[in-house]
Amino acid sequence: MARNYAIYDVFTDRKLAGNPLGVIFDGEGLSDEAMQAVASELNLSETVFVQPADHPLHTARIRIFTPARELPFAGHPTVGTAVALAERSHDLGTNGPLDLVSVLEEQVGPVRCAVKLRKGEAGFAEFTLPRNSSQHDFALDRQAIADALSLNTTKVGFENHVPSVWSAGVPFLLVPVHDLATMAALEFDPGLWERMAPMCDGHLTSAYVYCRGGVHHSARFHARMFSADMGISEDPATGSAVAALSGAIHQFDGLPNGHHALLIEQGIEMGRPSHIHLHIDVEDDQIARARIGGQAVRIASGILDL
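Chains are numbered independently. Their residues run from 1 in the order of the written sequence. This being a predicted model, a pLDDT of at least 70 is required before a residue's local features are given, and a value of 80 or more before pairs of side-chain atoms are given or counted; all residues contribute to the totals for chains, interfaces and linings. Values shown for side chains rest on all heavy atoms present in the structure; no hydrogens or waters enter the calculation.

Student: Which parts of the structure should I look at to understand the overall build of the protein?
Tutor: Only DSSP runs of H or I with at least four residues qualify as helices, and only runs of E with at least two residues qualify as strands; both kinds are numbered from the N terminus onward. Counting its secondary structure elements, the protein contains seven helices and 18 strands. Along the first, second and third principal axes, the C-alpha set of the protein runs to 55 × 40 × 35 Å. Only protein chains enter the calculation, and the probe is 1.4 Å; a residue is then buried if its accessible area is under 20% of its type maximum, exposed if over 50%, and partly exposed in between. Across the 306 residues that make up the protein, the buried fraction comes to 56%. We call two residues contacting when some pair of their heavy atoms lies within 4.5 Å. Long-range pairs, those at least 24 residues apart, make up 63% of the contacts in the protein with a sequence separation of at least 6. Summed over its atoms, the accessible surface of the protein is roughly 12,600 Å², and 47% of this surface lies on carbon and sulfur atoms. When charges are counted, neither His nor the chain ends are considered; positive counts come from Lys and Arg and negative counts from Asp and Glu. A single reference atom marks each charge: NZ on Lys, CZ on Arg, CG on Asp, CD on Glu. Positive and negative side-chain charges in the protein, numbering 22 and 37 respectively, have mean positions lying 5 Å apart. To be clear on the numbers: accessible area is Shrake-Rupley with a 1.4 Å probe, and residue cover counts the displayed protein chains and nothing else.

Here it is as structure tokens:
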């Protein structure tokens, strides 16, 4: 069967940057094993399979696979798929600028996305987190974490930020480090990480390393993500990790009530700069809601014969 697909670069407004995403538009009828095999074949951070929505008012159901396993939720597939489906359904040459809302059914639940399309520009999508970030209580060994990142323990942590495990659908061990130079110098050892990182929700927690500031003058945080069990050596942009990070930022920085707009950069060390927009609304000293957004640009399309 001929199945249409496209590849989008996500969390960027230019081609060959950001995080590439495979979108299989005709994903209905494929077995779990077939979807996993296709994702492994494409070997992108994630590949999405679009299927008919269960709810008649929702846009689509999507299944998200890394080269190694399925994810219940992920940020760059949500942003990229929302833009891809909007561009596939609407002709900007005929309709002009478009602002629309789509709802994608993911394993974590329905995810509401606001999409903006402008002729000659990369599409933009922003989604509300289907669940707020929550902390998981684990005893963490700072020396073992530092060893797995090839760092001195003095470089782990800054200000109130300490290593901690958070999840907004996918768990991450968040590791704050001293500065950009530390970020550039670290070397991830998957063997050491597998031996020390905790299991959470049935999977080994991935490493999300971050520091304040960034190469981009507007970036509030700079990050890198490594996963020992997703089949991803390093990820250029990780929306689900930013979703998890929202809880740590609120806790460690003591965000006051109000709206907080933060830009997180990732992928710099890989030569694939990515820019992720995080919005946190705090009410009564708690996160009331959080949103993640970014741009996506198509770089390829074709037919999958399967």
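Student: What exactly am I supposed to notice about the pairing of strand β2 (residues 19-24) here?
Tutor: The side chains of a regular strand alternate, first on one face of the sheet and then on the other. Summarising burial for β2: six of the six residues are buried, a large majority. Here β2 shows no split at all, with N19, L21 and V23 on one side and P20, G22 and I24 on the other all buried. Here, strands pair whenever DSSP counts at least two bridges between them. Note: strand β1 (residues 2-10) against β2, six bridges, orientation antiparallel. When the bridges of β2 are listed, V10 appears paired with N19. Pairing analysis gives four bridges linking β2 to strand β3 (residues 46-51), with the strands arranged parallel. Residue pairing across strands places V23 opposite V48, the latter belonging to β3. Handedness rule for crossovers: strands pointing away from the viewer, path from the first strand over the helix to the second running clockwise, crossover right-handed. Chirality of the crossover, the property in question, places the unit of β2, helix α1 (residues 32-42) and β3 among those that are right-handed.

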